Amino acid sequence: MKERREPWYWSDTDVDPWGRKLMPLSYLVIAGMFAPFWLICGMLIVQAERAGRASFPIQELAAAFLAAAGAFGLTVIIHEVGHWVAGHKHGLRLLYAMFFGVTYNVKERRLTRVPGLTGALGAVVFDRLTEDLPAFRSMLIGGIKFNLITVPIAAGFALIPGTPELLRIFAVATAFFSLGFALINAIPLRLNTTAVSDGYLIRWLKHDPPSLKRQMDWSAQLRTYFFCSPKDWDLPALMDKHASPEDYPFRQMLRLIHAQDQNDPRMVGEILEEGLAHWPRGAPGNLTGSLLGEAAVFFTQTVDHPARAKHYEKRVKRNLQYPTLELAPLKVIRLVRSGKRKSAETMVNSLVRSLDAAPPALRENVQRRYAAMLESGPPQFTAAEWNEFCQSRLGDA
């Protein structure tokens, strides 16, 4: 009997093995992207020696590095503009545009902060992606195309006679960075379950579009449920609606959120233990990261089990590219227990402000949960007591 192989985008580990094999190639491309810095240093030093200057050209180097940094920023912007142009051409509506931590809400025409985007260099968020997968694919390719188009334009500008030195440096760096960005995003790389290149998503769309669509739909639906109070949910109806085996991670997260809203620590623990024991390898990275983050918080706040909490915390960092939201509760609890309540309150206020664009029900849920963390006392169970409870209630060691 032939051994059953999982789809290429699943993995026994937190990092896709196929994408991991290409990591050395990505390092070479990144090194090539930063070649302009070394060329600039060499050019300026040679020029200084020819001019008979004994001192190192610090001012020239500083100006050249600023020009190269500006070229890098322009490259990121060009890549995201390529996504936007391609998406707009296929009828996708832009919701958010983010560059270097600054997010613009297109609908409300104001700057805002969107959790999960703050760590990225650049990002554009569209609507209806899962409803039009060909448009999604064209949108992904658009960023790569724009970077490739930029390469000859920037190189040609650098070769124009009489171009000022700093502008030539800026143009050369833009050409290098644009070529590197195009190559990095064309290679199907996967750093963890959420940090993937455009090429990885393009390959996924080619091999198994229903699977990608299902995972993206899960994420969108879960956000929808997060944006209202669990008190308004009809949980049995939601369970029936998502009764298929593929929806198991989605059902578990709904049950977990509902149990937290009911303030039932034993039920929260049971759902976590069940989810950790039966979590499928193909679950979306954000759901996996959320479950692991909740487990790390539970085994710190409710159960005194530092080893398990640390284990799940490490897995969150391996699974998510920007695990700020998932690990924030853990940091708040640790600050409170170490006597740094002021620092914990400052962190909570910052987190609540980051949800200024979210619906009121979501902000109220988050505020209520963090308020409970600020007043949390010692854990309710020791590790031994929790293991005993699991053996008697769950039949699990």
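Right, let's walk through the structure included here.

Criteria and cut-off values
- Within each chain, residue numbers correspond to sequence positions counted from 1 in written order.
- For this predicted model, a pLDDT threshold of at least 70 governs which residues receive local features, and a threshold of 80 or more governs which side-chain atom pairs are given and counted, while totals over whole chains, interfaces and linings are taken from all residues.
- Hydrogens are left out, water is left out, and the side-chain values use all remaining heavy atoms of the structure.
- Helical segments are the DSSP runs of H or I of at least four residues, strand segments are the runs of E of at least two, and each set is numbered from the N terminus.
- Relative accessibility thresholds used throughout: buried, under 20% of the residue-type maximum; exposed, over 50%; partly exposed, between the two (1.4 Å probe, protein chains only).
- In this analysis, two residues are considered to be in contact whenever any of their non-hydrogen atoms come within 4.5 Å of each other.
- Here the accessible surface of atoms and residues is derived via Shrake-Rupley with a 1.4 Å probe, and residues count as covered only by protein chains that are part of the display.
- Only the contacting stretch of a helix is used when fitting its axis, a line to C-alpha atoms as for every element, and angles between N-to-C directions run 0 to 180 degrees.
- Angle categories: roughly parallel below 35 degrees, roughly antiparallel above 145, roughly perpendicular from 65 to 115, and oblique for all the rest.
- Note on convention: the crossing is left-handed when the near helix lies turned anticlockwise from the far helix by less than a right angle, right-handed when the turn is clockwise.
- Only residues whose relative accessible area exceeds 30% and that form no salt bridge are eligible for patches; like-charged ones are grouped when within 9 Å, while nonpolar side chains (Val, Leu, Ile, Met, Phe, Trp, Tyr) are grouped when within 5 Å.
- By definition, a salt bridge exists where a carboxyl oxygen of Asp or Glu is found within 4 Å of a side-chain nitrogen of Lys or Arg.
- Counted charges follow a simple rule, with Lys and Arg positive, Asp and Glu negative, and His plus the chain ends left uncounted.
- To locate a charge, take atom NZ for lysine, CZ for arginine, CG for aspartate or CD for glutamate.
- Amino acids are sorted into nonpolar (Ala, Val, Leu, Ile, Met, Phe, Trp, Tyr, Cys and Pro), charged (Asp, Glu, Lys and Arg) and polar (every other residue, Gly among them).
- Paired strands, as defined in this entry, are two strands with at least two bridges between them according to DSSP.

## As for the overall build of the chain
Right, on to step 1. In terms of regular secondary structure, the chain is built from 17 helices and six strands.
Right, on to step 2. Evaluated residue by residue, the chain yields a buried proportion of 46% over its 397 residues.
Right, on to step 3. A sequence separation of at least 24 residues applies to 67% of the contacts in the chain between residues at least 6 apart.
Right, on to step 4. Put simply, the chain shows about 20900 Å² of open surface, and 61% of that area lies on carbon and sulfur atoms.

## Focus on the packing of helix α5 (residues 133-158) against helix α6 (residues 165-186)
Right, on to step 1. One way to put it is that α5 packs onto α6 with a least axis distance of 8 Å and a crossing angle of 155°. Classified by the angle their axes make, α5 and α6 are roughly antiparallel. For the crossing formed where α5 meets α6, the hand is left-handed. Judged by residue contacts, I144, N147, L148, T150, V151, A154, A155, F157 and A158 of α5 engage L167, R168, A171, V172, T174, A175, S178, L179, F181, A182, N185 and A186 from α6.

## Brief notes about a positive patch on the surface
Right, on to step 1. Where like charges cluster on the molecular surface, the positive patch consists of K89, R137, K145 and K206.
Right, on to step 2. With relative accessibility at 71%, the residue K89 sits in the exposed group.

## A word on a nonpolar patch on the surface
Right, on to step 1. A surface patch of nonpolar side chains, about 460 Å² in accessible area, is lined by I77, V81, W84, V85, F100 and L121.
Right, on to step 2. V85 sits in the partly exposed class, given a relative accessible area of 32%.

## Examining the packing of α5 against helix α7 (residues 198-207)
Right, on to step 1. As a packed pair, α5 and α7 sit with axes 10 Å apart at the nearest point and diverge in direction by 150°. Here α5 is positioned roughly antiparallel relative to α7, judged by the angle of their axes. Of the two possible hands of crossing, α5 and α7 adopt the one that is left-handed. Of the residues in α7, those in contact with L133, F136, R137, L140, I141 and I144 of α5 are D198, L201, I202 and L205.
Right, on to step 2. Here the contact of α5 with α7 is built from residues that sort into eight nonpolar, no polar and two charged.

## Quick look at the pattern of salt bridges
Right, on to step 1. Taken as a whole, this structure holds five salt bridges when the rule is applied.
Right, on to step 2. Residues E273 and R308 are paired through a salt bridge, measuring 2.9 Å at the closest nitrogen-oxygen approach. Of this pair, E273 sits in helix α11 (residues 265-278) while R308 sits in helix α13 (residues 306-319), and the two are 35 residues apart along the sequence.
Right, on to step 3. A salt bridge links E313 to K310; the shortest N-O distance between them is 3.9 Å. Here the residue E313 and the residue K310 both occupy positions in helix α13, the gap between them amounting to three residues, near one helical turn.
Right, on to step 4. You can call K310 partly exposed: its relative accessible area is 41%.

## Brief notes about the pairing of strand β1 (residues 94-99)
Right, on to step 1. In this structure, β1 lies alongside strand β4 (residues 122-126), joined through five bridges in antiparallel fashion. Residue pairing in the sheet places M98 in a bridge with A123 of β4.
Right, on to step 2. Examined bridge by bridge, β1 and strand β2 (residues 102-105) share four bridges and lie antiparallel to one another. Paired with M98 across the two strands is T103, which belongs to β2.

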